[in-house]
Amino acid sequence: MSEKRLKRRNLINKLFLKNRLVILNEDTFEEIFSFKLNLMNVFVAATLGAILLISSTTVIIAFTPLREFIPGYSSSKLKKDATELALKSDSLTLALKKNEAYIKSIQKVLTGELEYAKFNKDSILATADEAPLQVDLAASKEELELRNQVAKEEKNQKTNLPKKKSNTNK
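Procedures and definitions
Per-chain numbering applies: the sequence of each chain, read as written, is numbered from 1 onward. Only residues with pLDDT of at least 70 get local features here, since the model is predicted, and only at 80 or more are side-chain atom pairs given and counted; chain-wide, interface and lining totals rely on the full set of residues. Water and hydrogen atoms were dropped before computing side-chain values, which therefore reflect all heavy atoms in the structure. Put simply, DSSP marks the helices as runs of H or I at least four residues long and the strands as runs of E at least two long, and each gets a number from the N terminus on. Whether a residue is buried, partly exposed or exposed follows from its accessible area with a 1.4 Å probe, protein chains only, as a fraction of its type maximum: under 20%, in between, or over 50%, in that order. The criterion used for residue contact is that any of the two residues' heavy atoms lie within 4.5 Å. Only when DSSP finds a minimum of two bridges between them are two strands counted as paired. The aromatic pairing rule takes the rings of Phe, Tyr and Trp, using the six-membered ring of Trp, and pairs them if the centres are within 6.5 Å, calling planes under 30 degrees apart stacked, those over 60 edge-to-face and the rest tilted. A helix is expected to span 1.5 Å multiplied by its residue count minus one. pLDDT: the predictor's confidence for each residue, scored from 0 to 100. Take a side-chain nitrogen of Lys or Arg and a carboxyl oxygen of Asp or Glu: if they are within 4 Å of each other, that pair is a salt bridge. In this analysis, a patch consists of residues with relative accessible area above 30% that form no salt bridge, clustered at 9 Å for like charges and at 5 Å for the nonpolar side chains Val, Leu, Ile, Met, Phe, Trp and Tyr. Accessible areas in this description were obtained via Shrake-Rupley with a 1.4 Å probe; residue shielding takes into account the shown protein chains only.

So, about the overall build of the protein chain. Across its full length, the protein chain carries five helices and two strands. Counting helices and strands in the order they occur from the N terminus, the protein chain gives α-β-β-α-α-α-α. Taken across its 170 residues, the protein chain has 3% of its residues classed as buried. In the protein chain, the proportion of contacts linking residues at least 24 apart, taken out of those at least 6 apart, comes to 18%.

So, in structure tokens, the structure goes:
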């Protein structure tokens, strides 16, 4: 146990031991400048420098058009164009369906399958729009029986609950 403490103290002493960094002119041995440093100061400075470098790089990439050069990122113009094209293709598909229904109705009139008096462009376009399916939402016989059974059970539970006694004797 004492060896561990000794090693820990030696490490702490080495971290805070003062050292001098001197920059000299090689020809004249003139001192240009010097610093008093310890290992902890160097470690803290290097860590802060790395954090600053990483955060500044992240900010530059995230908030400038430089991110478009990274694979996987698409430009905002490309996203906008894709959205506009999707909307146009949807509207063109709908218009194509209406035109096809209109042409089929005209073919029926020309072949004599449909009377001319019944032919109306508005009614053809109305049939081209697909109506949503009607769903029967009425309760089935079994469901009604289950509801009645649950209601009876709840009523029985309410009547079987013990009544609270009031404390009038204080």
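Picking up after the structure, the text goes on.
The pairing of strand S1 (residues 19–24) with strand S2 (residues 31–37) spans six bridges and is antiparallel. What sits directly across from Leu21, in S2, is Phe35. Hairpin connection, S1 to S2: the antiparallel pair is bridged by six residues, and Phe29 has positive phi, about 55°.

On to the packing of aromatic side chains. Scanning the entire structure with this criterion turns up one aromatic pair. Aromatic pair Phe33 and Phe35: ring centres 5.4 Å apart, planes at 75°, arrangement edge-to-face. Note on Phe35: relative accessible area 42%, which makes it partly exposed.

So, on to helix H1 (residues 2–15). A rise of 1.5 Å per residue sets the reference length of H1, with its 14 residues, at 20 Å; its end C-alpha atoms lie 20 Å apart and thus fit the reference within 8%. Burial within H1 is sparse, with just zero of its 14 residues counted as buried.

The next subject is the confidence of the model for the protein chain. Of all residues in the protein chain, 82% attain a pLDDT of 70 or more, and the chain-wide mean is 83. When pLDDT is averaged over each element of the protein chain, helix H2 (residues 39–63) comes out on top at 94 and helix H4 (residues 121–128) at the bottom at 61.

Attention now goes to the pattern of salt bridges. Applying the stated criterion across every chain, the model contains two salt bridges. Put simply, Lys77 and Asp81 hold a salt bridge, and the shortest N to O gap is 3.2 Å. Of this pair, Lys77 and Asp81 both sit in helix H3 (residues 76–111), four residues apart, which is roughly one turn of that helix. Judged by its relative accessible area of 57%, Lys77 is exposed. Using a relative accessible area of 29% as the deciding quantity, one classes Asp81 as partly exposed. For Arg147, the salt bridge identified is with Glu143, shortest N-O distance 2.8 Å. One end of the pair, Arg147, and the other, Glu143, are both in helix H5 (residues 141–160), four residues apart, so they sit about a helical turn from each other. For Arg147, a relative accessible area of 47% gives the class partly exposed.

A surface patch of nonpolar side chains, amounting to about 450 Å² of accessible area, comprises Leu21, Ile23, Ile32, Phe33 and Phe35. Counting only elements with at least two residues in the nonpolar patch, the list comes to S1 and S2. Top element by residues in the nonpolar patch is S2. It accounts for three residues. With respect to the helices, strands and loops of the structure, Ile32 is situated in strand S2. Judged by relative accessible area, which is 54%, Ile32 ranks as exposed.

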